[in-house]
Amino acid sequence: MFHALVAIKQVPDTTNIRIDPETGNLVREGVPAIMNPYDAHALAEAVHWKRKLGGKVTVVSMGPPSFIVTIREAIELGADRGILISDRKFAGADTLATSYVLAAVIAEVHAEDPLDLIFFGKQAIDGDTAQVGPGVAVRLDMPIVTYAVKVRDIDLQGRTVVVERKTERWTEVVETPLPTLLTCEKEIAEIPFAPLPDLIRSLRYDPEIWSREEPIEFDSGQIGVRGSPTIVYKMGTPPLPEAGEKVNARELGVGTAVSHALDLAQRSGILSAVLGGE
Amino acid sequence: MAIRRFWVFIEQEAGKVHPVSWELLGVARMLANQVLPEAEAAGDQVTVEGVLLGYQVEPIAKEALCYGADRVYLLDDPVFEHYRNCPYYQTLAYVARKHEPEVFLMGATTLGRDLAGAVATALGTGLTADCTQLAMGEVKGAKQRLLLATRPAFGGNIMATILCRQHRPQMSSVRPRVFPMPERISEPTGEILKEEVLVTEEGAKACILEFVHAKGESVNIEYADVIVAGGRGLGSPEGFKLLEELATELGGVVGVSRPLVDAGWISYAHQVGQSGRTVRPKLYIAAGISGALQHKVGMQNSDFIIAINNDPDAPIFDVADVGIVGDLYQVIPEMLKQIRALKETAA
Amino acid sequence: MNQHERIEFDVVVVGAGLAGSAAAMVMAREGLNVALVERGQKPGGKNYFGGAIYTHAIEEVLPDFMERNPPFERPVTEAGFWFLSQDGLMRATVQGGNLDRSPADAYTTLRASFDLWWAEQAQKEGAFLIPKTTVVDFIREADGQVIGVVTDRPQGEIYAPVVIICEGVNNLLAQKLGLIDRDLEPAHLALAFKQVISLSSETINTRFGLPDSEHGLAVSVLGDVSLGLPGMGFVYTNKTTLSVGLGVMLDTLAEYKLKPYEVLQRYLAHPAIAPLVAGGQLLEYGGHLIPEGGYRDMPRLFTGGAMVAGDAAAMVNALHWEGTNMAIIAGKRAAETALEAHSRGDFSERVMSRYEDRLKDGFILQDLKQYRNFARFLETHPEFMGTYPVFLNDALGNFFSAYGKPKRRLFREILGALTNRRSLPQAAGDIISMGRAVMGW
Ligand SMILES: Cc1cc2nc3c(=O)[nH]c(=O)nc-3n(C[C@H](O)[C@H](O)[C@H](O)COP(=O)(O)OP(=O)(O)OC[C@H]3O[C@@H](n4cnc5c(N)ncnc54)[C@H](O)[C@@H]3O)c2cc1C
Ligand SMILES: Cc1cc2nc3c(=O)[nH]c(=O)nc-3n(C[C@H](O)[C@H](O)[C@H](O)COP(=O)(O)OP(=O)(O)OC[C@H]3O[C@@H](n4cnc5c(N)ncnc54)[C@H](O)[C@@H]3O)c2cc1C
Ligand SMILES: Nc1ncnc2c1ncn2[C@@H]1O[C@H](COP(=O)(O)O)[C@@H](O)[C@H]1O
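Residues numbered from 1 in each chain as written. Chains lettered and ligands numbered in written order. Predicted model: local features only at pLDDT ≥ 70, side-chain atom pairs only at ≥ 80, totals over all residues. Heavy atoms only, no water.

Draft legend 1. Region of the structure containing the site of ligand 1. If you check the shell around ligand 1, you find 27 residues, and the closest are Arg232, Ser257, Gln271, Ser275 and Ser290 of chain B. The site occupied by ligand 1 is bordered by residues of chains A and B. A distance of 2.7 Å separates an oxygen atom of ligand 1 from a polar atom in the side chain of Gln271 of chain B. Separating an oxygen atom of ligand 1 from a backbone N or O atom of Gly276 of chain B is a distance of 3.2 Å. Put simply, the parts of the chain that give the shell around ligand 1 at least two residues each are α6 (258-262) and α7 (293-296) of chain B. (Near = heavy atom within 4 Å. Polar contact = N/O pair within 3.5 Å; in protein donor to acceptor, adjacent residues only side chain to side chain. Helix = DSSP H or I, 4+ residues; strand = E, 2+ residues; numbered from the N terminus.)

Next comes the structure, spelled out in structure tokens:
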């Protein structure tokens, strides 16, 4: 039997974020919360292999109770069990503290019911850090394959997995022993339209809620703000650079406008550097 | 007397160094200089140091000295021939524990980002990813200057400055091309120190079976000298031909804003911006691009920017050295004509 | 997942809009196992109306609604018509009296929050909401009896002996059942589009002469609203937003090749409207169809195992902007019929026909029947949307200007302004046909 775990995070849909033009603050109101898209694709791949090999998918998420909807969504997409790690004391965690909590929970799930693969998203789109997956792998002393684009083969008997990962230069085909942690690109799998019985099950599903003490106890020095070495010191809108000259082709005519622009480029030495370089 | 070490991970694959490593040596030097006065006053020493892992890569270590490293720690072993997370992070964590750097910078490349999170966790320290500004600044309550690492957050709409007060090293990953390439010196004075390699093949946990190179041309817009970029204002794939023609004329490559990649007109490798590549060409021509923050952060460090847009209030003009308000379908053909003429008179 | 698992409920309600959630609420309260299927991410997400919602209907389904924190914006304390000429505005609104009750007769609201709340009340009664799922067809027995629905999802069949169709203005499902044999005609469909514009509550109060945020305005705007074409505008005050928009018949838009947005922009730029919205920030823009054909466009309301309610059955009284209340009450009547069917264990067409009997007893079918000629009347008398309102406006403008002319001449001019537009016999005829259309003569 195959057992996979997927770490999922709820994020604000950053493609919908607005900045208040007067205060420069983020307008959070009305920004829809979604499952981190990379996590959703990772989950789809985990479910795909579950259906192929027979087995089970567990999802875990650390966050406030509002994350329950995201866990339900994971059930809709085919997960069997959902765990929400939720406690006020976890608030303010940076990636180091987050990886501590997730690693402890994954170790516990693994002890109950051994895991073969652990799926993470490549990164969460609210922070774009891509740090939690590698952090968890280190804590669990587990092999990791980042930027996974395809799981070629899982050999449950031989205890290996073959994964394709994409780097800037090439695609690597990597073999690692099970259990392995993967961080996934969107190409890993298409998100299917869930069958109605799965949707109905998800709507009735109540995830397990794990607190700071139950069912496992976390070290209070390693969670939340206390367990986070980094702090946000300042937030602001990016400064505007100084604008250059503007020429209007409608007023001057296209020919003049272009020759004026090229002239400026010529004078700053750019054009000859570029054209001369051939 | 203490030594304040500013570390840079020298990234190489298949014996080829990633140029971001040199950019980071430049940054490390800049940061080191910012603490120099307070260090001298306290009688401390400040050094810029590189760490290099690989197999038969000593020439790269020498090259690192030319880009300003005072010292390079070299870990040369067959186990490092191909990059793998486990042996690399364990080794970096080991040398970092031994030498206790104050600041540790890595490139925010696929390799660097795979590695940085693992190293930071192993060292139990903070890491700020994808920084676009770095400085050593005075912070209330801190005895020494701290690394102020600034990065875009929430889809690039906001810049957040992150601190790591207590834990060392203060780690950051930095995108290629955000910082300029430092001058290369031909007579470096720094030294190379060979470090003992403790990891073994058995501990590597992963075996690379194969490298598959993508078919077709591979673009590398990050290090191109000229980029002719187009956005949604192109309107139709026909506009693309114009872009390509101009790019070819200027010996450059084509870049695009995200919607064109989303629309499937061109591959992701051509996307400029926050979720694409950061570029720093000599000349950047932006045609039919409005200049959303997420696009600007990827190209505003270009040496010279020409923007073409028919909306005089388009924000792209704020970063342009010269803006042409007009229809790109008139402006680009005219530009082609004039550039061809210029080239002829030059010849 | 078990491939053969059969999903069964006592009733399926299609669409968590006003009619659907009302029906679900009534049935779930009586213990039926109700599936409320909604295609949107959440109820209300894509639903639009003016608008104001009437409490008499809500109360009939949910007597203690005021205790359940309904997301109302403002009570409607002033209602009526505004008549626009090219640059003028004549107001004919009432306040006080009937409009001064608490709870008020009507409240302005935004559908995204109202429909969500409304569906939540149905869920509290025990209805099971199935979002993100579209009903595309029916499961039927050989004799045509409906025994369930087919959704767009894999393994998407839901079995139930009764299905209540509350799909809104599209009558696709009614067509699938053969209850009606055609799409609604563009000539009977208004495309209504509106903007939600944010302003501070103080600004709204000052601009509309409202004493505080516990007072609100709901007006229909006639006359020069839609480039001289038949159309009706509206303005509703919410707490810190305005809902401003207009409806134009679909065939008119097509004939004149107008873009809805342009018509709306032009309306918002009208010298009487522009100052009301000035400085506001646009929060949403959206459009929705209104079935204005009324009685003559109604499908057959039932068949064995199925009933149709709300906009899906063209239950809208265009002149009075009544639609929400009809939808809610019709939903309730369908629910009562489903309950009766369940208690008898008989879901045949004969029992379903009791739904129509119930509707005949109330205002819905009576009103719709009375107004049955209204849509055609507007089609043949566009001057009621354009000419007359503009004339009224001019006439009053003249009446209240001193000019220094003999009054007899002034009246003649005013009359002249009318007869320039319509001859006196024409005007008299217009009034008679208007009476016919409204009174159902
Ligand atoms: C998390 C996140 C990450 C993102 N990452 C990136 C990224 O990496 N890169 C990126 O580019 N975007 C990114 N975006 C998207 C970004 O916000 C903008 O939506 C995008 O850059 C807009 O592309 P555009 O300028 O081509 O299109 P538009 O904004 O539609 O601008 C088109 C411009 O063309 C002009 N125009 C039209 N016709 C003509 C003509 N005939 N002649 C001249 N001018 C004309 C118009 O005036 C207009 O200014 C990201 C967004 C988010 C939320
Ligand atoms: C601009 C405008 C102004 C208006 N002003 C007023 C007013 O002031 N007062 C008033 O009383 N009335 C007004 N109306 C009319 C009123 O809004 C409608 O009559 C009323 O909403 C009808 O309710 P309903 O439940 O029939 O349909 P809807 O409220 O449209 O609900 C239908 C629901 O079904 C869902 N659905 C559709 N098809 C499917 C499917 N196949 N499967 C699953 N779900 C489906 C939809 O997503 C929707 O949630 C106005 C209408 C408009 C457009
Ligand atoms: N709070 C969380 N709960 C569960 N998984 C998380 C959480 N934060 C991050 N992850 C996982 O870690 C991945 C990388 O996140 P990040 O390092 O924040 O970019 C995400 O795609 C998730 O799979």
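Draft legend 2. Quick look at the interface of chain B and chain A. The partner chain A presents 80 residues to the 81 residues of chain B that form the contact. Of the roughly 6800 Å² buried between chain B and chain A on both sides combined, carbon and sulfur atoms contribute 62%. Of all residues in chain B, Thr110, Phe154 and Lys205 of chain B give up the largest surface area on contact with chain A, accounting jointly for 10% of the area buried on that side. Summed over the shared surface of chain B and chain A, the number is four salt bridges. Note that Asp141 of chain A and Lys205 of chain B form a salt bridge whose closest N and O atoms lie 2.3 Å from each other. At the boundary of chain B with chain A, the tally comes to 26 residue pairs in polar contact (both at pLDDT 80 or more). Classifying every residue of the side of chain B that touches chain A gives 39 nonpolar, 23 polar and 19 charged. In terms of strand pairing, strand β14 (residues 230-236) of chain A meets strand β10 (residues 158-164) of chain B through six bridges, oriented antiparallel. (Contact = heavy atoms within 4.5 Å. Buried area = accessible area lost by both parts, 1.4 Å probe. Salt bridge = Lys/Arg side-chain N within 4 Å of Asp/Glu carboxyl O. Nonpolar A, V, L, I, M, F, W, Y, C, P; charged D, E, K, R; others polar. Pairing = 2+ DSSP bridges.)

Draft legend 3. The pattern of salt bridges, seen in detail. Evaluated as defined, the whole model comprises 59 salt bridges over all chains. One network of salt bridges, with partners in common, ties together Glu60, Lys332, Arg333, Glu336, Glu340, Arg344, Arg354, Asp357 and Arg358 of chain C.

Draft legend 4. Representation of the site of ligand 3. All names here are of chain A. Taken together, the neighbourhood of ligand 3 is formed by 18 residues, with Ala7, Asp39, Ala124, Thr129 and Gln131 sitting nearest. Contacts to ligand 3 include Asn36, whose side-chain N or O atom sits 3.1 Å from an oxygen atom. In the environment of ligand 3, an oxygen atom lies 3.0 Å from a nitrogen or oxygen atom belonging to the backbone of Gly121. Here ligand 3 loses 97% of its free accessible area of 480 Å² to cover by the protein chains. Elements supplying a minimum of two residues to the shell around ligand 3: β6 (55-62), α3 (95-112) and β8 (117-121). Broken down by element, the residue count for the shell around ligand 3 peaks at three residues, all from β6. Of the residues that constitute the shell around ligand 3, the class distribution is nine nonpolar, seven polar and two charged. (Areas by Shrake-Rupley, 256 points an atom, 1.4 Å probe, with all protein chains shown as cover.)

Draft legend 5. Quick look at the pairing of strand β14 (residues 216-223) of chain C. Residue and element names in this part refer to chain C. Of all eight residues in β14, eight are buried; the element is thus mostly enclosed. Neither face of β14 is open: one carries Gly216, Ala218, Ser220 and Leu222, the other Leu217, Val219, Val221 and Gly223, and all of them are buried. Two elements, β14 and strand β15 (residues 231-237), share four bridges in a ladder whose sense is antiparallel. Residue pairing across strands places Val219 opposite Val235, the latter belonging to β15. (Buried < 20%, exposed > 50% of the residue type's maximum accessible area, 1.4 Å probe, protein only.)

Draft legend 6. How the structure looks around the packing of aromatic side chains. Residue and element names in this part refer to chain C. Tallying each qualifying case throughout the model produces 20 aromatic pairs over all chains. Their ring planes at 10° and their centres at 6.2 Å tell us that Phe72 and Phe114 sit as a pair that is stacked. Pair noted here: Phe72 is in the loop between α2 (55-61) and β5 (76-84) and Phe114 is in helix α3 (residues 111-124), with a separation of 42 residues, a long-range link. Judged on exposure class, the residue Phe72 and its partner Phe114 are both buried. Ring geometry for Trp117 versus Trp118: centroids 6.1 Å apart, planes at 25°, classification stacked. (Phe/Tyr/Trp six-rings, centres within 6.5 Å; stacked < 30°, edge-to-face > 60°.)

Draft legend 7. How the structure looks around the domain arrangement of chain A. Taken as a whole, chain A is organised into domain 1 (2-222) and domain 2 (245-278). Using C-alpha coordinates to define each centre, domain 1 of chain A is positioned 51 Å away from domain 2 of chain A. (Domains from an automatic or database assignment.)

Draft legend 8. Structural detail: the packing of helix α5 (residues 237-249) of chain B against helix α8 (residues 328-346) of chain B. Residue and element names in this part refer to chain B. Between α5 and α8, the least distance of the axes is 10 Å, while the angle of their chain directions is 20°. One element, α5, and the other, α8, form an angle in the roughly parallel class. α5 and α8 meet at a crossing whose hand is left-handed. Residues Gly239, Leu242, Leu243, Glu245, Leu246 and Glu249 of α5 pack against Tyr329, Ile332, Pro333, Met335, Leu336, Ile339, Arg340 and Lys343 of α8. (Axes fitted to C-alpha atoms, helices over the stretch in contact; angles between N-to-C directions. Parallel < 35°, antiparallel > 145°, perpendicular 65-115°, else oblique. Left-handed = near helix turned anticlockwise from the far one by under 90°.)

Draft legend 9. Up close: the confidence of the model for chain C. Mean pLDDT over chain C works out to 87, with 91% of the residues at or above the 70 mark. Interface scoring of the predicted complex returns ipTM 0.82; its pTM is 0.85. (pLDDT = per-residue confidence, 0-100.)

Draft legend 10. Geometry of the interface of chain C and chain A. Residue-level contacts link 19 residues of chain C with 14 residues of chain A. Together chain C and chain A conceal approximately 1400 Å² of surface at their shared face, both sides included; 67% is due to carbon and sulfur atoms. One can count two salt bridges joining chain C with chain A. Close ionic contact of Glu76 of chain A with Lys132 of chain C constitutes a salt bridge, the shortest N to O distance being 2.8 Å. Linking chain C with chain A are four residue pairs in polar contact (both at pLDDT 80 or more). If you list the elements that add at least two residues to the side of chain C that touches chain A, you get β8 (128-130) and β11 (157-159) of chain C. Here the side of chain C that touches chain A takes three residues from β8 of chain C, the largest share from any one element. Its residues placed into classes, the side of chain C that touches chain A shows nine nonpolar, five polar and five charged.

Draft legend 11. Expanded view of the environment of Glu49 of chain B. Residues and elements named next belong to chain B. Structurally, Glu49 is set in strand β4 (residues 45-54). Exposure remark for Glu49: the relative accessible area of 0% places this residue in the buried category. Between the C-alpha atoms of Glu49 and Leu25, which are 24 residues apart in sequence, the distance is 8.0 Å. Once residues lying within four places of it in the same chain are set aside, the contact partners of Glu49 are Arg5, Phe6, Trp7, Val8, Arg71 and Tyr73. A distance of 2.9 Å separates a polar atom in the side chain of Glu49 from a polar atom in the side chain of Arg5. Reaching out from Glu49, the side chain makes a polar contact with the side chain of Trp7 at a distance of 2.7 Å.

Draft legend 12. Expanded view of α8 of chain B. All names here are of chain B. Its 19 residues place the ends of α8 26 Å apart at the C-alpha level, agreeing with the 27 Å of an ideal helix rising 1.5 Å per residue. Along α8, the residues that are buried comprise Leu328, Val331, Ile332, Glu334, Met335, Leu336, Gln338 and Ile339. Measuring from the side-chain oxygen of the N-cap residue of α8 to the backbone nitrogen of Tyr329 gives 2.8 Å; that N-cap residue is Asp327. (Expected span 1.5 Å × (residues − 1).)

Draft legend 13. Region of interest: the side chain of Asn205 of chain C. On the secondary structure map, Asn205 of chain C appears in helix α5 (residues 201-208). Excluding residues that lie within four positions of it along the chain, Asn205 of chain C makes contacts with Arg74, Leu210, Asp212 and Ser213 of chain C.

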